[in-house]
Amino acid sequence: MAVSSAFAGAKLETLLLSNSPAAAAVSSSAVALSPSQTRIICKPTRTRRALIPRGGLTIRCDGASDVLTQTADKADPNSVSGSSSPSLSALELLKTSAADRYTKERSSIVVIGLSVHTAPVEMREKLAIPEAEWPRAIAELCGLNHIEEAAVLSTCNRMEIYVVALSQHRGVKEVTEWMSKTSGVPVSEICQHRFLLYNKDATEHLFEVSAGLDSLVLGEGQILAQVKQVVKVGQGVTGFGRNISGLFKHAITVGKRVRTETNIAAGAVSVSSAAVELALMKLPESSHNTARILVIGAGKMGKLVIKHLAAKGCTKMVVVNRTEERVASICEELKDVEIIYKPFSEMLTSAAEANVIFTSTASETPFFFKENVSDLPPVGQETGSLRLFIDISVPRNVGSCVKSIETARVYNVDDLKEVVAANKEDRLRKAMEAQAIIAEESKQFEAWRDSLETVPTIKKLRAYAERIRVAELEKCLSKMGDDVSKKTRKAVDDLSRGIVNKLLHGPMQHLRCDGSDSRGLSETLENMHALNRMFSLETEISVLEQKIRAKVEQNQK
């Protein structure tokens, strides 16, 4: 990322030198180079844009380290006065190369994350933050010198921290160290598995997460509820500010829109959900609510089958299992569903009363053979006089010989794979449609953020006008003498405020924009730059610098 050659002056020299031991280490051996030889390359663990270093001085900034690595093709001998000038410090090199990032008026949205795609569950468990601890985590993160706003998205599949950073690289370093301190995981291990995304990439990532495009099961709906919970918990929490709350609220809108317009969540993509979907496909629609359901096995797969049945509207079923405890725990989770427990000794009796039978056990021998099923009483006309066996066990719980019985239909895992594959292919097509929606929504969010760029100018213009007002007011009151009454002083003060407010009303109106209209936004930004030039507001102290100074001073107390 080449840095512009325009330089706005010295910023935060005392802060940087006092807080960066690496800078002091580099200063003793640094060489002076011309601005044209200087480049800064930011090296995140994961980025969507390749950063190509060029010739000259290369400074690599990594969130895990404060060390500055230099590679110089050739030093400029004219840049240092051999005997009288000391070696330039790292900060002075940055000044010379016009690389003072603190002069930028806009902070960055950054996500520092670990997910099921990048980190093992053992690490995610250590880094996970319970929902009840999210407000505390936000407060601690915003207490860091370069973090202004924060949010935590911690689920079983991901641990992601979203921040508004006053400095990208220092912010990443501080957050990574905080994660290490709170979890006990070394910084080096976190850096090995984390991913870093900035601004537009961070925005699109959260939109993809909310839409279910980053989930193990494409389009699953639980993550949208978890994103909503971040907003719910963050309401009223200091540090869950305008940028971050706006980002998460927009992500909820995107998640809803993707699911509505693409129907990406439709279609089973797991064996258990496919088993239920297949059964409903084979049953007459009129019997969906009256079919007598039997589930054999309440292990992991059996439990998922029960949950998918409940999600499809099944309100009563019989569950056969070796122990009653597992069935009882499922009953606690699904209190609206009538689940009747039966021991394995009553399996055939229960099968005789059912017309749809799901099997999901670890048994190495089948439970049903041709002779067992032939002895079962016939089923009613509501299911087409057919008894369905949906066998998702490996090894199979239903013998292949059962297929020869005219009144029985047997489906196994291989039959379900076709359903799953077809649905996965369909979801991938819908995911491409979702990406188009995300790109569109990302542009809208970026436009909204762009509209916030005028806020520093508004603050500076008001401060500029207020200084003039106060100075002129004091001159006026001093000329009026000491015997001026409080009422008169207040009247003069109100008069000066009224004049300033009326003069500022027009410029302020032309600095406000909601970002929904690109043309209006462009004009607003042009007005901002014009006012900055007219009133020399660009020479004012950087708003970011003010924030960083305030944070450092507060933390040093």
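Residues numbered from 1 in each chain as written. Predicted model: local features only at pLDDT ≥ 70, side-chain atom pairs only at ≥ 80, totals over all residues. Heavy atoms only, no water.

Student: What exactly am I supposed to notice about the layout of surface pockets here?
Tutor: Summary: where empty space remains is shown by rolling a probe the size of a single water molecule over the atoms. Size it by volume and the second largest pocket reaches roughly 850 Å³. Forming the boundary of the second largest pocket are 29 residues, of which Val217, Glu220, Gln222, Ser270 and His308 lie nearest the centre. Of all elements in the fold, only α9 (222-234), α11 (271-282) and α12 (300-311) reach the threshold of two or more residues within the lining of the second largest pocket. (1 Å grid on protein atoms, 1.4 Å probe; cavity = no way out; pocket = protein on both sides within 12 Å on 5 of 7 lines; lining within 4 Å. Points joined across faces, edges and corners; volume = space filled by probe spheres on them. Helix = DSSP H or I, 4+ residues; strand = E, 2+ residues; numbered from the N terminus.)

Student: I keep staring at the nonpolar core and nothing clicks. Help me out?
Tutor: Proteins that are soluble and globular tend to have nonpolar side chains buried together. If you look at the biggest cluster of nonpolar residues, it comprises 64 residues, and the most contacted ones within it are Val163, Val175, Met179 and Phe248. In terms of residue count, helix α10 (residues 242-262) provides more of this core than any other element does, 7 residues in total. Within the second largest apolar cluster, 31 residues are counted, among which are Ala274, Val295, Phe358 and Val413. (Core = buried A, V, L, I, M, F, W, Y, C linked by side-chain atoms within 4.5 Å. Buried < 20%, exposed > 50% of the residue type's maximum accessible area, 1.4 Å probe, protein only.)

Student: Would you mind going over unusual backbone geometry with me for this structure?
Tutor: Only a minority of non-glycine residues have a phi that is not negative, and only a minority of peptide bonds are not trans. Look at the link from valine 394 to proline 395: it is a cis peptide, with omega at 5°. At asparagine 263, a residue that is not glycine, the phi angle is positive and equals roughly 55°. Looking at the secondary structure, you find asparagine 263 in the loop between α10 and α11. According to the relative accessible area criterion, asparagine 263 is partly exposed, its value standing at 44%.

Student: How should I be thinking about the side chain of arginine 257 in this particular structure?
Tutor: Relative to the helices and strands, arginine 257 is located in helix α10. The residues touching arginine 257, leaving out its near neighbours within four places in the chain, are Ile437, Glu440 and Glu441. (Contact = heavy atoms within 4.5 Å.)

Student: Just to check I follow, could you spell out the pattern of salt bridges for this structure?
Tutor: Between side chains of opposite charge, a pair can form when the charged atoms approach closely. According to the stated counting rule, one finds 16 salt bridges in the structure shown. In this structure, the salt-bridge partner of aspartate 214 is arginine 158, at a minimum N-O distance of 2.9 Å. In this pair, aspartate 214 sits in the loop between α8 (200-211) and α9 while arginine 158 sits in strand β5 (residues 158-165), placing the two residues 56 residues apart along the sequence. Per residue, the accessibility class of aspartate 214 equals that of arginine 158, and both read buried. Among the ionic pairs, arginine 257 bridges to glutamate 440, the shortest N-O distance being 3.3 Å. One end of the pair, arginine 257, is in helix α10; the other, glutamate 440, is in helix α16 (residues 413-451), and 183 residues separate them in sequence. (Salt bridge = Lys/Arg side-chain N within 4 Å of Asp/Glu carboxyl O.)

Student: Just checking my understanding: could you explain the environment of proline 377 for this structure?
Tutor: The topology assignment puts proline 377 in the loop between α15 (370-374) and β11 (387-391). Remark: the alpha-carbon pair of proline 377 and glutamate 353, spanning 24 residues in sequence, is separated by 8.1 Å. With sequence-adjacent residues up to four places away left out, proline 377 is seen in contact with Ala352 and Arg387.

Student: Where do I start with the packing of aromatic side chains in this structure?
Tutor: Two numbers describe a pair of aromatic rings. These are the distance of the centres and the angle of the planes. Counted by the stated rule, this structure contains 5 aromatic pairs. A centroid spacing of 5.4 Å and a plane angle of 55° characterise the contact between phenylalanine 344 and phenylalanine 367, whose relative ring orientation is tilted. Taken together, the positions of phenylalanine 344 in the loop between β9 (338-342) and α14 (347-353) and phenylalanine 367 in the loop between β10 (356-359) and α15 put the pair 23 residues apart, joining distant regions of the chain. Like phenylalanine 367, phenylalanine 344 is buried. Through successive ring pairs, a cluster of aromatic residues spans Tyr162, Phe240 and Phe248. Directly above the aromatic system of phenylalanine 344 lies the positively charged group of arginine 322, at a separation of 4.6 Å from the ring centroid. (Phe/Tyr/Trp six-rings, centres within 6.5 Å; stacked < 30°, edge-to-face > 60°. Lys NZ or Arg CZ within 6 Å of the ring centre and 35° of its normal.)

Student: Where do I start with α9 in this structure?
Tutor: Helical geometry note: an α-helix holds 3.6 residues per turn, so side chains three or four residues apart project in the same direction. Relative to the 18 Å expected for 13 residues at 1.5 Å per residue, α9 spans 19 Å between its end C-alpha atoms, a close match to the ideal helical length. Every buried residue belonging to α9 is among Ile223, Leu224, Gln226, Val227, Val230, Val231, Val233 and Gly234, and all of these are buried. Taken together, the buried residues of α9 touch α5 (134-142), β4 (147-154), β5, α8 and α10. Phi turns positive, to about 85°, at glycine 236, one or two residues after α9. (Expected span 1.5 Å × (residues − 1).)

Student: How should I be thinking about the pairing of strand β6 (residues 195-198) in this particular structure?
Tutor: Every regular strand shows the same layout, with side chains that alternate between the two sheet faces. The alternating pattern of β6 places Phe195 and Leu197 and Leu196 and Tyr198 on opposite faces, both of which are buried. Relative to β6, strand β3 (residues 108-115) runs antiparallel, the two sharing 4 bridges. Bridging across to β6, isoleucine 112 finds its partner in leucine 196. (Pairing = 2+ DSSP bridges.)

Student: Would you mind going over the side chain of threonine 361 with me for this structure?
Tutor: Counting through the fold element by element, threonine 361 comes out in the loop between β10 and α15. A distance of 2.9 Å separates polar atoms of two side chains, one belonging to threonine 361 and the other to asparagine 397. Threonine 361 has contacts with Ile296, Gly297, Phe344, Phe367, Ser393 and Asn397, leaving out every residue within four places of it along the chain. (Polar contact = N/O pair within 3.5 Å; in protein donor to acceptor, adjacent residues only side chain to side chain.)

Student: Just to check I follow, could you spell out the sheet that holds β6 for this structure?
Tutor: Two orientations exist for strands paired in a sheet by backbone hydrogen bonds: parallel and antiparallel. Strand order across the open sheet formed by 4 strands is β4-β5-β3-β6, with antiparallel pairing between neighbours. Each edge of the open sheet carries a strand with a single partner, namely β4 and β6. Strand-to-strand twist across the sheet, computed as the mean angle between neighbouring axes with direction ignored, equals 15°. As judged from the 8 bridges shared by β3 and β5, these two strands associate in the antiparallel manner. Bridge pairing in β5 links serine 108 to alanine 165. Along the sheet, α5 contacts β4 and β5; its crossing angle with β4, the most-contacted strand, is approximately 150°. (Axes fitted to C-alpha atoms, helices over the stretch in contact; angles between N-to-C directions.)

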